[in-house]
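# Structural description and commentary
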Amino acid sequence: MSLSDDVRKFLENEGAADIGFADISTISPKLGLNSGIVFYIPYEKETIKSIKKAPTEEYLAEYLELNRKLDEIAIKCEEFLIEKGYNAYAQTTTRVGEDAEDNNQTFLPHKTIATRAGLGWIGKSALFVTNDYGSAIRLSSVLTNAKLDFGTPIESSLCRMCVVCRNECPGSAISGIEWNSKMNREDFFDYKKCEKKASKISKKKLKSDITLCGKCIYVCPHTQKYINKK
């Protein structure tokens, strides 16, 4: 098997639902680490069904657990590659925060790597969307210098005329403009409005300072297809 096959099998065995490889040579934040490995785990269907009206304790718990699990898998993938003689850097939640605080750097978004790997696209909600799970997923990634079999990048939205998330957004953060790979998030999505409203919702419904809403995840037709599939 090729190295790509080995990595894919390793990540699948660790619990990743889908895996992709991307050329990030022009955007990598780490010198020499020009290949991106991205993977995700979906939320449980019942968890997403529970957030029809507002975020729930179950949703918050699974959100935190998926982050923990993805960080664990990313570190294991990093170790796997290093043992094979490559350099690797797992973009865990802890490291991403430390990089931004200590080095005035921003990490390479998992969803950017995922679009370059061909796993899906950026929705009008600025969330990563897949055909199989909609946006009911959590992503993670690993940067490496290993030569991998890159996927075909997806460079434009597949949302088309759908504006369900725009119409349902409680913070009016979604413009309805379709994403493409040349755009910045601010060109089609107001993250400040999103954070402000999500913060209020979280304090009211979860009694927490965490910023969670989930409305755009729930209403996405691709998410609905996933959670209602028998």
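All of the points below concern the structure found in this document. Since the structure is predicted, the reported quantities are computational estimates derived from the model, not experimental observations. Within every chain, residues take consecutive numbers counted from 1 along the sequence as written. Local features in this predicted model are restricted to residues of pLDDT 70 or higher, and side-chain atom pairs are both shown and tallied only at a pLDDT of 80 or more, whereas totals for entire chains, interfaces and linings draw on every residue. Note that water and hydrogens are dropped before the side-chain values are worked out from all heavy atoms of the structure.

Every helix listed is a DSSP run of H or I at least four residues long, and every strand listed is a run of E at least two residues long, numbered separately from the N terminus. The number of helices and strands found in the protein is 9 helices and 6 strands. Every radius of gyration here is taken over C-alpha atoms, with the globule rule written as 2.2 Å times N^0.38, N being the number of residues. Radius of gyration (C-alpha) of the protein: 17 Å, near the 17 Å computed for a compact globule of 230 residues. On the principal axes, the C-alpha backbone points of the protein span a range of 50 × 45 × 35 Å. Among the 230 residues that make up the protein, the fraction classed as buried is 47%. Considering only residue pairs separated by 6 or more positions, the protein has 68% of its internal contacts joining residues 24 or more positions apart. Looking at the protein as shown, the accessible area adds up to about 12000 Å², and 47% of this sits on carbon and sulfur atoms. Averaging the coordinates of the 34 positive side-chain charges in the protein and doing the same for the 31 negative ones gives two points 9 Å apart. Burial classes: relative accessible area under 20% of the type maximum marks a residue as buried, over 50% as exposed, and values in between as partly exposed (1.4 Å probe, protein chains only). By the convention used here, residues are in contact when the closest approach between their heavy atoms is within 4.5 Å. Each accessible area value is a Shrake-Rupley result obtained with a 1.4 Å probe; residue values ignore everything except the protein chains displayed when judging cover. The charge count treats Lys and Arg as positive and Asp and Glu as negative. His and the chain ends do not count. A charged residue contributes its charge at one atom only: NZ of Lys, CZ of Arg, CG of Asp or CD of Glu.

A word on the nonpolar core. For our purposes a nonpolar core is just a set of buried Ala, Val, Leu, Ile, Met, Phe, Trp, Tyr and Cys residues, chained together by side-chain atoms within 4.5 Å. Core analysis: the largest hydrophobic core is formed by 65 residues, its most contacted members being Val7, Leu11, Ile37, Phe39, Leu81 and Val142. The dominant element in this core, judged by the number of residues it contributes, is helix α3 (residues 57-83), at 10 residues. Sequence-distant contacts of Leu11, defined by excluding residues within four places in its chain, comprise Ala16, Ile19, Ile37, Phe39, Ile73 and Cys77.

Quick look at the packing of aromatic side chains now. Only rings of Phe, Tyr and Trp enter the pairing, Trp through its six-membered ring, and a pair is recorded when the two centres are within 6.5 Å. The plane angle decides the type: under 30 degrees is stacked, over 60 is edge-to-face, the rest tilted. In this structure the tally under the stated criterion is 4 aromatic pairs. Here the aromatic rings of Tyr40 and Tyr133 are separated by 5.9 Å at their centres, their planes lie at 80°, and the arrangement is edge-to-face. Within this pair, whereas Tyr40 is found in strand β2 (residues 35-42), its partner Tyr133 is found in the loop between β5 (128-129) and β6 (137-144), the two being separated by 93 residues in sequence. Arranged with centres 4.9 Å apart and planes meeting at 75°, the rings of Tyr133 and Tyr226 form a pair that is edge-to-face. With Tyr133 in the loop between β5 and β6 and Tyr226 in helix α9 (residues 221-227), this residue pair connects regions lying 93 residues apart in the sequence. An aromatic cluster is built from Tyr40, Tyr133 and Tyr226, whose rings are joined through pairwise contacts. Here the guanidinium or amino end of Lys30 rests over the ring plane of Tyr89, the centre of that ring lying 4.3 Å away. To sit over a ring, a charge needs its Lys NZ or Arg CZ within 6 Å of the ring centre and within 35 degrees of the ring normal. Across the ring face of Tyr191, the terminal group of Arg185 is positioned such that the distance to the ring centre comes to 4.2 Å.

Here the rule is simple: two strands pair whenever DSSP picks up at least two bridges between them. Taken in spatial order, the 4 strands of this open sheet run β1-β2-β6-β3, and their pairing is antiparallel. The open sheet is flanked by β1 (18-23) and β3 (88-90), the only strands paired with a single partner. Across this sheet, the average inter-strand angle for adjacent strands is 20°, counted without regard to direction. Sheet strands touched by helix α1 (residues 3-14): β1 and β2. Its angle to β1, the strand with the most contacts, is close to 140°. What counts as an axis is a line fitted to C-alpha atoms, over the stretch in contact for a helix, and the angles between N-to-C directions run from 0 to 180 degrees.

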